[in-house]
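As a plain string of letters, each chain reads:
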Amino acid sequence: MKPVSSRFTRPIQTLHTYTRNLSSVATPITLHQHETPSLYPPPLSNLHQILQKCAKQRLPKEGMACHTHIIQYRLWNNTLTSNILMNMYSKCGFLKYARKVFDEMPERSLVSWNTIIGSYTQNGNEKEALDLFVMMQREGTEFSEFTVSGVLCACAAEFAVFECRQLHAFALKASMLTNIFVGTALLDVYAKCGLLEDAIRVFEYMPERSAVTWSSMVAGYVKNELFEEALLMFRKVQVTGVEFNQFIISSVLAACAAIAAKIEGVQAHAVLFKTGFIVNFFVCSSLVDMYSKCGSINEAYSVFAHAQDKNVVLLNAMISGFSRHGRSMEAMILFEKMQQIGLQPNEVTYVSVLSACGHMGLVKEGKKYFDMMVKEHNLSPNVFHYSCMVDILGRTGLIDEAKTLIDKMPFEATASIWGSLLSSCRVYNNIELAEIAAKHLFKLEPDNAGNHVLLSNIYAANRQWDEVIQTRKLLKDTEVKKERGKSWIEIKDKVHAFMVGERNHDRIGEIYSKLEDIIEEMRTYGYRCETEHDLHNVEDDKKEELLRHHSEKLALVFGLMCLPSSAPIRIMKNLRICGDCHVFMKLASKITGREIVVRDTNRFHHFKNGFCSCGEFW
């Protein structure tokens with residue numbers, strides 16, 4: 001005679017026990033008058049199907065009702081049933097109930113542990129997931145590659161480098177390192193924690209790679225700001241014939257946006273059409289962002305206009321694009337339309353619309369939106385919103401009001417806020433507040449040479465040469481390197497970079513010769529080098545030579561030499577464009593009849609027919 005299973009020999013649970021379970025998790029079923037519960041339980045497979053449907057469609061009430069049946073008919077101690085219940089509660093966001101089911105299980109399988117660990121990771125409670133894995137090991141429970149990959153995902157969210165390295169050794173010891181799920185999760189953790197070399201080693205060691213593996217590697221390069229390497233990795237993906245997913249395309253578009261690589265961005269756009277991912281609004285938002293950051297705001301709007309569904313993410317990308325290009329009116333109109341179609345602005349929306357006001361010096365509108373976000377949309381201004389307001393006030397010369405706002409902020413001012421104030425002091429020659437802003441910046445950003453240089457330039461503009469010498473000496477003593485001005489232009493799939501006074505380019509002789517011809521023609525329009533924009537303590541002739549060979553001018557001339565006459569010239573710059581180069585670009589657009597687009601650290605400048613889109617406000 002076979003021994004009776006232990007689960008059938010357990011004492012019958014009391015009504016009190018059922019009451020405890022029903023009140024804490026399950027939803028009780030109300031019986032009609034004279035109605036009694038059925039003596040025969042429904043098939044367990046039917047209950048499983050209902051629970052799985054509740055999990056898929058996020059139906060917690062129906063799932064709880066099903067849980068009631070399970071308790072009523074004493075089916076709660078079935079391991080598979082408990083696993084499905086945990087999954088349902090987790091998918092519906094009731095993590096506390098999922099954990100209660102787990103804790104009350106008489107027996108737990110490997111799936112039980114994987115389910116609860118994955119639930120914590122997916123619901124943003126990664127620390128608890130790591131603690132559970134430790135508990136699992138202490139109990140001596142066997143684990144699988146899914147367990148390890150799930151815990152690694154928790155490490156990625158927590159940036160837990162030490163635990164990640166332990167799990168790496170753990171996976172190596174268990175011969176799991178060649179598993180595609182473990183390897184992908186491991187390289188993802190290393191990349192997110194900034195340990196890209198470790199991520200690359202794991203990637204190269206993997207004998208097999210999935211689309212998710214390649215996507216994680218491309219995203220890792222982007223996260224660590226190695227954008228060109230990300231694009232090279234994408235080319236490898238194309239060669240290997242791996243199936244694309246929307247995540248890898250979004251990462252590629254982010255890389256293109258960061259370095260203004262429009263040609264590669266257009267290629268990624270073509271891939272989107274081919275694969276059908278263009279309908280995904282996250283991908284569509286990345287595409288809008290890419291075109292706007294590459295200087296093609298009209299193409300960005302075209303993508304936006306043809307999007308089938310518009311959500312807050314997509315609208316934010318378009319409003320931000322308009323703001324970046326100085327098209328404040330379009331940004332504000334789209335902000336109003338957003339509310340008309342029933343979408344509520346969020347914190348990101350307000351940063352974009354306030355930034356648009358800042359680019360055009362719209363103080364009244366900026367104050368209106370700042371008040372609106374609190375009074376109408378119940379949003380608390382964060383440091384980015386205050387930074388925008390300081391920028392708006394400072395750009396319009398209201399520097400004292402900007403300083404008062406900084407003093408009244410409910411939190412400490414960031415380097416960005418003090419930097420904005422310092423820049424405004426440079427424009428309006430406010431030395432007193434400049435020194436206060438610089439003092440804070442030296443503490444917050446001791447390695448940023450630009451702050452020392454900007455303060456030095458303010459002194460130089462006021463001919464306070466002793467202070468200039470002192471500031472430059474302080475910069476030298478701190479051994480911080482000043483970032484050199486650099487501009488680049490993309491021509492025929494190749495990026496050409498220029499430094500001030502460039503000598504290494506293959507055609508530099510032709511470029512300088514062409515530049516002299518253009519300057520000579522400009523002189524007939526009254527152009528002269530505005531030497532007040534060069535703040536070195538040297539003779540005017542030397543200043544004029546330095547200004548004449550600024551990197552953006554060299555990039556422009558090369559663009560005129562190489563690009564078709566109908567093509568706009570797009571130049572990217574790592575620093576703010578100086579006043580003399582701004583005048584030069586306006587005249588160049590008038591003389592040549594070309595549209596010139598310059599992206600500096602602050603915004604885009606569209607030069608056409610002798611005018612700039614910034615309206616002399618940058």
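Look above for the structure.
Criteria and cut-off values
- Residues numbered from 1 in each chain as written.
- Predicted model: local features only at pLDDT ≥ 70, side-chain atom pairs only at ≥ 80, totals over all residues.
- Heavy atoms only, no water.
- Salt bridge = Lys/Arg side-chain N within 4 Å of Asp/Glu carboxyl O.
- Buried < 20%, exposed > 50% of the residue type's maximum accessible area, 1.4 Å probe, protein only.
- Helix = DSSP H or I, 4+ residues; strand = E, 2+ residues; numbered from the N terminus.
- Expected span 1.5 Å × (residues − 1).
- Arc of directions from axis to C-beta.
- Contact = heavy atoms within 4.5 Å.
- Pairing = 2+ DSSP bridges.

Counted by the stated rule, this structure contains 19 salt bridges. Between Glu104 and Lys100 there is a salt bridge, and its shortest N-O distance comes to 2.9 Å. Classification of Glu104 as partly exposed rests on a relative accessible area of 29%. Among the residues examined, Lys100 registers a relative accessible area of 24% and is labelled partly exposed.

What follows is about helix 7 (residues 126-138). The end-to-end C-alpha distance of helix 7 is 19 Å, a good match for the 18 Å that 13 residues give at a rise of 1.5 Å each. Those residues of helix 7 lying buried are Glu126, Ala129, Leu130, Leu132, Phe133 and Met136. Here the buried residues of helix 7 occupy an arc of 160 degrees about the axis, which is enough to place them on one side. For helix 7, the exposed residues lying more than 90 degrees away from the buried face are Lys127 and Arg138. On its buried side, helix 7 packs onto helix 5 (95-103), helix 6 (110-122), helix 8 (145-158) and helix 9 (161-173). Trailing helix 7 by a residue or two, Gly140 shows a phi angle of about 75 degrees, which is positive.

Another point: the side chain of Thr121. Here Thr121 lies in helix 6. The contact partners of Thr121, leaving out residues within four places of it in the chain, are Glu126, Ala129, Gly150, Cys153 and Ala154.

Of note in the backbone geometry, Glu225 takes a positive phi value of approximately 60 degrees without being a glycine. On the basis of relative accessibility, which here comes to 60%, the residue Glu225 falls in the exposed class. One non-glycine residue, Ala260, lies in the positive phi region at around 55 degrees.

Pairing is mixed across the open sheet formed by 6 strands, whose spatial order is 2-1-3-4-5-6. Both edges of this open sheet fall to strand 2 (494-499) and strand 6 (611-612), since each of them pairs with a single strand only. Looking at chain direction, strand 3 (residues 569-573) and strand 4 (residues 596-599) are connected through 4 bridges and run parallel. Opposite Met572, over in strand 4, you have Arg599 as the bridge partner.

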